[in-house]
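# Residue-level structural notes
Letter by letter, the chains look like this.
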Amino acid sequence: IAYSAVNPHLLLIDNCPESSMLLKNYPEIRCFRDITFYWKYLLNPDAKAFPNSGPRQPKFVRMQAVQAWQWNAEEKGYRVDSDLMQGMRCVPDPSRLSEDGRQLKADEQPTHRYPSTATPSFFVPPPPLRTEDDAIYRANLPSFDDDHRTAKGAKASSMLNQRDSELLISFLTVPYIRVP
């Protein structure tokens, strides 16, 4: 069952001629590898990582999506290329520049393509809530006003008072109770 290899990460790269016995003996692994990469690639929070993010929307054919995998020893990671784009990444490009031409810091890079609404920080302004204590000692918590249901000229009603809002947000700090 176990396979000992000196450099197991090299079993997933493409070479011509085929040098990986793993890809030769189990050709379906290439498909699983590529599908898994595209899943992660589509969650990249940096919109500039996609070839059709600009004003010109090119047409693509199916064979342009075939991936070629190589090992990049400098970055200690895989380099994935296709006819669509060279150097595809699942994370924001660390060398990307901001609109004014300066290098983006790590905290300025986008973190999530689709932020989760199950995290308590989604509902409150910065600083982010990480623990129950952060929710308890926050001065003002959202009341989840029901603005869209008020009649013309009527005052907006509060859905939750401060105590209930504190309870709801503190429940969201528990890692195994929140809905993903």
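Presented here is a report on the structure given in the accompanying data block. Remember, it's a predicted structure, so these values are computed and weren't measured experimentally. (Residues numbered from 1 in each chain as written. Predicted model: local features only at pLDDT ≥ 70, side-chain atom pairs only at ≥ 80, totals over all residues. Heavy atoms only, no water.)

## Focus on the overall build of the protein
A count of helices and strands for the protein gives four helices and two strands. Reading the helices (α) and strands (β) of the protein from amino to carboxyl end gives α-α-β-β-α-α. Taken across its 180 residues, the protein has 23% of its residues classed as buried. In the protein, the share of contacts with a sequence separation of at least 24, taken over all contacts with a separation of at least 6, comes to 41%. Split by element, the accessible area of the protein, about 13800 Å² in all, is 58% carbon and sulfur. (Helix = DSSP H or I, 4+ residues; strand = E, 2+ residues; numbered from the N terminus. Buried < 20%, exposed > 50% of the residue type's maximum accessible area, 1.4 Å probe, protein only. Contact = heavy atoms within 4.5 Å. Areas by Shrake-Rupley, 256 points an atom, 1.4 Å probe, with all protein chains shown as cover.)

## Overview of the nonpolar core
Core analysis: the largest hydrophobic core is formed by eight residues, namely F37, Y38, Y41, A49, F50, W69, V80 and M88. No other element matches the three residues that helix α2 (residues 28-42) contributes to this core. For F37, the residues in contact, after removing those within four places along its chain, are Q67, W69, V80, M88, R89 and C90. Of all hydrophobic cores here, the second largest spans five residues; its members include V124, L129, A135 and I169. (Core = buried A, V, L, I, M, F, W, Y, C linked by side-chain atoms within 4.5 Å.)

## Observations regarding the side chain of D34
When you line up the elements, D34 lands in helix α2. A residue is classified by how much of its surface remains accessible, and D34, at 14% relative accessible area, is buried. Not counting chain neighbours up to four residues away, the residues in contact with D34 comprise Q67 and W69.

## A few points about the pairing of strand β2 (residues 77-81)
Pairing analysis gives five bridges linking strand β1 (residues 68-72) to β2, with the strands arranged antiparallel. Note that in β2 the partner of Q70 across the bridge is R79. Between the antiparallel neighbours β1 and β2 lie four residues, among them K76 with a positive phi of about 55°. (Pairing = 2+ DSSP bridges.)

## Concerning the environment of Q67
In this fold, Q67 is placed in the loop between α2 and β1. Residue classification places Q67 among the buried positions, given a relative accessible area of 4%. Considering only alpha carbons, one finds Q67 and M88, 21 residues apart in sequence, at a separation of 9.5 Å. Apart from the residues within four sequence positions on either side, Q67 is in contact with D14, R33, D34, F37, Y38, V80, D81 and S82.

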